[in-house]
Each structure stands twice: as C-alpha cells, then as structure tokens.
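# Understanding the architecture of this molecule
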Amino acid sequence: MIHQFDTVIVGSGGAGLYAALEASERSKTAVLSKLYPIRSHTGAAQGGISAALGNVEEDKAEWHAFDTVKGGDYLVDQAAAKILTEEAIQAVYDLENRGLPFNRTPEGKIDQRRFGGHTRNFGEGPVRRACYAADRTGHMILQTLYQQCIKNEVAFFDEFQVVDLIMTDTTCNGVVAVELATGELHLFAAKAVLFATGGFGRMFKITSNAYANTGDGPAVCARKGIPLMDMEFFQFHPTGIMGLGILISEAVRGEGGILRNRDGHRFMEDYSPTLLDLAPRDIVARSMLTEVRAGKGIRGDRKIDDYLHLDATHLGKETLTTKLPDISSFCQTYLGIDPADSPIPVLPTAHYAMGGIPTDVHGRVICDGQGTIVNGLYAAGECACVSVHGANRLGTNSLLDLVVFGRRAGIHIGDYVKQIDMPQVSAADAADAQSWMARLTDGSPGPHGGRISEEMQTLMMEKVGIYRTASEMAAAVDALQALRERYQTVRVQDSGKQFNTDLLEVIELGNLLDLSLITAASALNRQESRGAHSREDFPERDDDRWLKHTLAQLAGDIVRLSDKPVDTSIWEPKPRTY
Amino acid sequence: MKNIDITLKVWRQDGPRDRGRFETYEARNISTDMSFLEMLDVVNEELTLKGEAPIAFDHDCREGICGMCGAVVNGRPHGPERGTTLCQLHMRHFRSGDTIAIEPFRAMAFKVIKDLAVDRSPLDNLIAAGGYISVNTGGAQDANALPVPQENANLAMDAAQCIGCGACVAACPNASAMLFVGAKVSHLALLPQGRPEAAQRAINMVKCMDELGFGNCTNETECEVECPKEISITNIARLNREYLKASLLSPFK
C-alpha cells in the first residue's frame, strides 16, 4: 500500500510530537510509531527540563550554555548549545501555556530545582534551573504534546515499524514500514522524513531504557550509508536500581540525597569536592565503579555488579512524598523498602546515547565531515546528534533537546515542503525491505534471536561499558562481527502474520547489532578519555588529537571512520574539574 | 528467593473476529523475584521453542509509566496489588500450585487485537474531542504572568498522572470511561490556561464517550480501586460539576 504525506515523522516521543505539532500547522503530516504515542519513553523521564528562568535565584542562558559545553567535555558544538539554552525559556513557557502542570513556588511561579552539573556564574556552585512536574516531567510533556497533535489532526499510524528509507542519491523520498497488526509492508512517499526514534540502551545488559529503545532510526540510516556521529559516547546513569537498571532520578540527589559506600562514607567528597553528589553523571558513575573495584561496595566483593547506597533517609517523608512520589513507590514496588527508612541500593545503568544521526541546528541530516545535507531527511531527539551533549549529557538537557530541536526541525520542515514536489515512489522501492522480511519468515529452520541478543548485551556491558581498554574492545568488535554473521541464519519462529511480536524482535535485534558494532568500533578508535568515554589505556583527554567528532560509516561488515570538526567558537577548552 | 509452579489459564484469540478461548499452560520453576511479565516471557520462550505462537501482550517500559501493559489477572485489571501496573506485579505475590486466569481488558469500546492485546485508541478519540488547550501559543506570554497556586497545580498534577492504560474502563461494570474523561477535564479545568474552554470540553468529551460505546457512570467506584495511578473519583465529581454548569449556563450544547 502506498501513502502520500508532505511530512512523515517516525517516532512519537517528545521530539517527534513537537516536530509533528509544528509541521502539521503547515503541511499534511503523519506520525509513524511502533508503539502508541503516549507510550513513548519520553514519558519515563522523571526529573525536569532546565531553563534559565531565574524564578528562584539569579540565572542566565549563557551560564546554562557554558555548563552544557563543559558538561559535554568540550565536544559540544557551542553555537548549538547557545541556541538550546536561549530557546529553553520560550520552550518552557510554550509547554506551560499548553497546559503542562509544573510545580509552583509559594508565589505561584514555576518552581525550579538543582540538577547535576548545572551551576551559577560559570561553575561557582549549584543553581536551581530544572523546571519540573513532580517526578513525572516527561510524562506531562508527552501528554501535553500528544493532545496538541490530536488537535492539529496529525494522522497517527500506530504500531508501524519502519524498516527502510527510500532514497535517490542524497534526497530522501519516504520510508518503508511494516504494519505490525497485519504484517503488511507500507510505502510512505514524503517530501520530508524526520527520525525521532529515541535511544538504543537495549544494546546493554543493564539499562534504564524501555524494551522499544532499539535505535531503529539510526540503524536504518546506517544501512543507507549515512555515517553516525560520536557513537562511542554512551551515558551510564549513576543510580539505577540494583539488578534491574530502572532509574532512580537524579532529582533524589537534587533534593539532597547522598551516595555512600560500605563504610557510610560520602565518597563523592573525594572525587568532586565542589559539586559532590551533583557532579555530572559520567564522573559520578566512574567514581561509583572505582569504589566498587576498591572493595568499598556494599558487598565488598569487587564484582562488577556490586552496588552502593543512595541515602535519602534524612530528607524526611514529607519531601519524599511531595517532591519525589514516584521514587517512593518505585522503591516499595521493586525493592520492598521505604526510602524514608532505608537507603536505596543502586549501581550505574546504561541510560542515554549522546551520539546518533548527525544533524545541523535545523535537524537536517548531514552525511559527511563537510556538513553536506541529505535533502528531505531530518532527525531530532536522542537518535540525533546536533551535538549539544558532546561527550556527556547534563541531566534535564534531554527533555530540553527534544522540545527545542523537535520544534526547530518541525518549523524548518514546514518551510521546506512548500518548496518541493511530492516525490514519486513505486512498489519497487520496497524491494530490499521485502526480501529482508521474506528471508526472516521463509519458514526454514534457524535459531531464535534471543540468545544472540543476550550475548550482545552482556558483551557490550562488560567490554564497552564504563571503563574501556583496547584489547577488550577489539575482542568486542570481533565477537559482534560473529554475532552479526549468526544473525543471518535467525528465522522468525512464529509463522502468524497478525501482530507477530517475534518478527518485531528480530528486526530490532538486527538494528541493535549494527549499532553495537558501530559503537564498539568508534570507541576502539578514540584513543583518549573524554566525558562518558573512559579508556584505562588512555586516561587523559587529548585535545590535540581528539577534539573532533567521530563519523562512523557502516559499509557491509566494515566500519569506516572519519571525523568532523567541533565548534569551539565561544569558550576555549579547559580541563574539566568540579 | 524461591521457585514456584503455577498453572495459567490464558485467553487466546487470533484476531478481532476470532471467537477466542482459554488455553492452559503450566509454568514451572518460576522465581518469585520475577515480575509477572517476565514470567510470561519465560512461558513465551518455551512456546516459541515448541513451535507454538507466543502469547501476545502489550508492554514497554516495565516501570509503570508508559501505560502500555495491562491484562485482567484473576478478575482484576493489573492484578491484585493496589496502585501498580501489571509490569509492577511480582511473582512473590503468588504461591506454588496457584491457578492464574489472564484475560484481556474487556469493553465494548476496546476490540481485542490478539490474545491479551487490545485496541485502546478510543481513548485517543476522547482526547481528540477536546482534551487539550487550543490557545495559540505563537508568542507565548511569560508564564509567570499567570501565577498558579501550588495547591491547584497539585490537584491538576494528580489528575494529569493518568497514563491512559484503560484499567478504569476494564474495571467498570458498565465499561465507562468517566474516570479517564474526569481526569482530563479536571487537569485542564484546574489551570487558568484551561478555564476558557472548560465548558465546551466537558460537553464534547462526554458526548464522544457515549458515541464510542463506553457506558455510563453508576458510582461503582471500581475504577478508583484499580487505577494504577490511584486517580481519585473526585475527578468524576468535578467532571459532573463542569458538565452540569456547562449544560445549564453556557451557550454550548
């Protein structure tokens, strides 16, 4: 079946919905989602969205931009960071005007709280910058944007999995998608396509990401020869619930929660004397692992799954129930403990991809180090890399990234689609996708994908995790190549056409394997430590050789690496201490 | 930690037009640390290895926020625990030898897609009938020009917690969506930016609910008991007040 829309948005989280909202003001817009829109993972974001409103203490967008650049270990494109933080203020007001119930100060203003790495006056001390709706900020943003899209009569194609892009040279003409309910392939001809498919934390064993976070957009782009940028930078959030990876928001530390080792010692005093527990996430996660390796974890056995304590007992029941209600109920549900009475067992969990599909500040996809644009192709949100997060993202900057760059991409698309004609697509454009689906479902005997998935996740966690070395990563690259070979023999076991969840899982596994390989190869290539990328064999940041973005292009079984300059036009890179 | 053996009676239905039936499965050696959905994963893995179709069920975040999961477990939407979604139900609440019946959310407005997966898009249609603010935010004014007391923000936030899972509909003997609509209407009516359209919104959403085949509210309060976000039925009372005011006083009908 062939559909025609001016604009096709793939993914219905915060970035996709904001882009759809803007694009639909001026163009016929469809949103394709493998889930239902309000189920997207934006909804799980807890803590807040930062903007220098200055409602509770003095604050400036410029300080916010500086924190973002420094937090990203100077791999942030600085002009983009300036746009992010300046437009943050309008973005928050827009959301509140559309009905988002923010927490309020006693005078009725939007309340703000502290978050890691956000400081006043270029690093003097923590600042209250995060606007929040209890610990359900992402949920509220998602609901608000969805309501607005429905109002604008955006066409929603729910439970459609995109499997291919339709391209001629450097122009995108649409996408090919599987309708999960029927197993049929659909072609969508479009003047503009935007990927907003979110993260890919599912490549790791312990992750805060939902099952759907399998990087479908970046993987489809990679297979079309579009290089992915800075894939070696993957953020581990310091406080995942032990064993589960489910997130305990940084807001707990923002409200005063403290990390302690087995001696009850507040160990962040040793690593980050100024910001303590509110140092950026890469630093806290590394500090935690260093404690564990030194035998100071709670069990003390130095094993990688040993844990530490997040102590919120001194905050009192009142603060916990009014400002962090979901955290309290999480702890009771998953651990059977009350955080008011006992500390929460935590360890770092794979959380956020800084890298992804390279774009400019209008969300247009870039396909080389010179900044050449792919016409009609856009990306926004976690799957994209502008780059405003550089080597490490600050807390609350992800929701901000979604709304600011989702909105900018949507506005640009609205202009762009006015200038060009509807591309022609035919059934032949689905040929590649068709043969892939046919192979997966040809009924021949083959292994189930489950074991490959398990091996990939363990491999990535152990060898391409928080601490990395050349030998481990080289082994990971080889092992991933072997897994990709085995994947060729995997077959969908469920022969039913309708709502075939097995087919979906096999498609997703293919995507994760491609992205894992690109991540491992990019990480092996970068011989320095910067932000979330921490090499034991190259422990220092090396600006002379590595102050540049990585571009990694998948060419069959090889990953070709090149680079792209970083915009450092405002602040000179400096050592990053807190 | 210990392991238990349980018997599952699971509703299997190939598609919306299939009649459907209960099938019995034995789940052996299930760790009590597992979540309910992990237990279903294990059952599905065994089914797949035997060449049988796995049980289709909706799920995603597995941390109770996405609203995707949901099935009726032993007669109760999201299972026996209060204030949790199905993905937050753990096997430690069951005992070895238990028989567990698992069915999809049933309501005239929700059609079964396959097995335990149901189409909850009628809830989206309800939002389309008015569950939004239509002010043009082109050059949004400073939000601080419109102060909101924290008490109202709290009440609005409690209502806005709804994750749209549909448990309230499945729990209601009349398959009414009044708690869902009440939560949406309350959230927006409690904020100044939502006030101007409050009357029209209440009338349109209630009308749409009737058209979609949801039933009426007869104060059974089952919805409040089963809501995983513990949204209070006072939101239905607020909806009724808005609706009454609107039908008596406003020009909208």
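Described in the following lines is the structure provided in the data block. Keep in mind the model is a prediction, meaning the values are calculated, not measured.

This paragraph deals with the overall build of chain A. Tallying secondary structure elements over chain A gives 16 helices and 22 strands in all. For 578 residues, the compact-globule formula gives about 25 Å, and the C-alpha radius of gyration of chain A, at 22 Å, lands near that figure. In terms of its C-alpha atoms, chain A occupies a principal-axis envelope of roughly 65 × 50 × 50 Å. Taken over 578 residues, chain A has a buried fraction of 67%. Long-range pairs, those at least 24 residues apart, make up 73% of the contacts in chain A between residues at least 6 apart in sequence. Counting every atom, chain A has about 18,100 Å² of accessible surface; 48% of that belongs to carbon and sulfur. Side-chain charges of chain A comprise 58 positive and 75 negative groups, with the mean position of each set lying 2 Å from the other.

Now for the packing of helix α4 (residues 137-151) of chain A against helix α2 (residues 121-128) of chain B. Look at α4 of chain A against α2 of chain B: their axes get within 9 Å of each other, and the N-to-C directions meet at 75°. The orientation of α4 of chain A relative to α2 of chain B falls into the category roughly perpendicular. On α2 of chain B, the residues that touch Tyr-146, Gln-147 and Ile-150 of chain A of α4 of chain A are Asp-124, Ile-127 and Ala-128 of chain B. Considering only residue class, the contact of α4 of chain A with α2 of chain B consists of four nonpolar, one polar and one charged.

Before going further, it helps to spend a moment on the pattern of salt bridges. Across all of its chains, the model carries 54 salt bridges over all chains by this definition. A salt bridge links Arg-21 of chain B to Asp-18 of chain B; its shortest N-O distance comes to 3.5 Å. Residue classification places Asp-18 of chain B among the partly exposed residues on the basis of a relative accessible area of 29%. Members of the salt-bridge network, linked through shared partners, are Asp-73, Glu-232, Asp-282, Arg-286, Arg-526, Glu-528, Arg-530, Arg-541, Asp-543 and Arg-576 of chain A.

Quick look at the sheet that holds strand β5 (residues 125-131) of chain A now. Overall, antiparallel pairing links the three strands, which are arranged β3-β5-β4 (chain A) in an open sheet. The sheet is open, and its two edges are formed by β3 (49-50) and β4 (112-120) of chain A, each paired on a single side.

Below, the discussion takes up α2 of chain B. Those residues of α2 of chain B that sit buried are Pro-122, Leu-123, Asp-124, Leu-126 and Ile-127 of chain B. Those residues of α2 of chain B that are buried are in contact with α4 and β6 (155-158) of chain A together with β7 (117-119), α5 (178-189) and α6 (198-211) of chain B.

Let us now look at the interface of chain A and chain B. Contact with chain A, which involves 53 residues of that partner, is made by 62 residues of chain B. Considering only the surface of chain A that becomes buried against chain B, Arg-39, Asn-97 and Tyr-211 of chain A emerge as the three largest contributors, covering 14% of it. On the surface where chain A and chain B come into contact, there are zero salt bridges. Our count for the chain A to chain B interface comes out at 20 residue pairs in polar contact (both at pLDDT 80 or more). Within the residue set of the side of chain A that touches chain B, elements represented by two or more residues are α3 (78-97), α4, α10 (325-335) and α15 (501-525) of chain A. In terms of residue count, the dominant contributor to the side of chain A that touches chain B is α4 of chain A (eight residues).

All names here are of chain B. Packing of α5 against helix α8 (residues 234-249) leaves a shortest axis separation of 8 Å and a crossing angle of 70°. The angle between α5 and α8 places the two elements in the roughly perpendicular class. Judged by residue contacts, Met-178, Leu-179, Val-181, Gly-182, Ala-183, Val-185, Ser-186 and Ala-189 of α5 engage Asn-235, Ile-236, Arg-238, Leu-239, Asn-240 and Glu-242 from α8. For the contact of α5 with α8, a count of residues per class yields eight nonpolar, four polar and two charged.

Further remarks concern the sheet that holds strand β13 (residues 308-311) of chain A. Residues and elements named next belong to chain A. Pairing is antiparallel in the open sheet, where four strands are placed in the order β11-β14-β13-β12. Where the open sheet ends on each side, the last strands, each with one partner, are β11 (234-241) and β12 (258-260). The mean angle between the axes of side-by-side strands here comes to 45°, regardless of whether they run parallel or antiparallel. One ladder, built from three bridges, connects β12 with β13; its direction is antiparallel. When the bridges of β13 are listed, Leu-259 appears paired with Leu-310.

Parameters and conventions
Residues numbered from 1 in each chain as written. Chains lettered and ligands numbered in written order. Predicted model: local features only at pLDDT ≥ 70, side-chain atom pairs only at ≥ 80, totals over all residues. Heavy atoms only, no water. Helix = DSSP H or I, 4+ residues; strand = E, 2+ residues; numbered from the N terminus. Rg over C-alpha atoms; globule rule 2.2 N^0.38 Å. Buried < 20%, exposed > 50% of the residue type's maximum accessible area, 1.4 Å probe, protein only. Contact = heavy atoms within 4.5 Å. Areas by Shrake-Rupley, 256 points an atom, 1.4 Å probe, with all protein chains shown as cover. Lys, Arg positive; Asp, Glu negative; His and termini not counted. Charge placed at Lys NZ, Arg CZ, Asp CG, Glu CD. Axes fitted to C-alpha atoms, helices over the stretch in contact; angles between N-to-C directions. Parallel < 35°, antiparallel > 145°, perpendicular 65-115°, else oblique. Nonpolar A, V, L, I, M, F, W, Y, C, P; charged D, E, K, R; others polar. Salt bridge = Lys/Arg side-chain N within 4 Å of Asp/Glu carboxyl O. Pairing = 2+ DSSP bridges. Buried area = accessible area lost by both parts, 1.4 Å probe. Polar contact = N/O pair within 3.5 Å; in protein donor to acceptor, adjacent residues only side chain to side chain.

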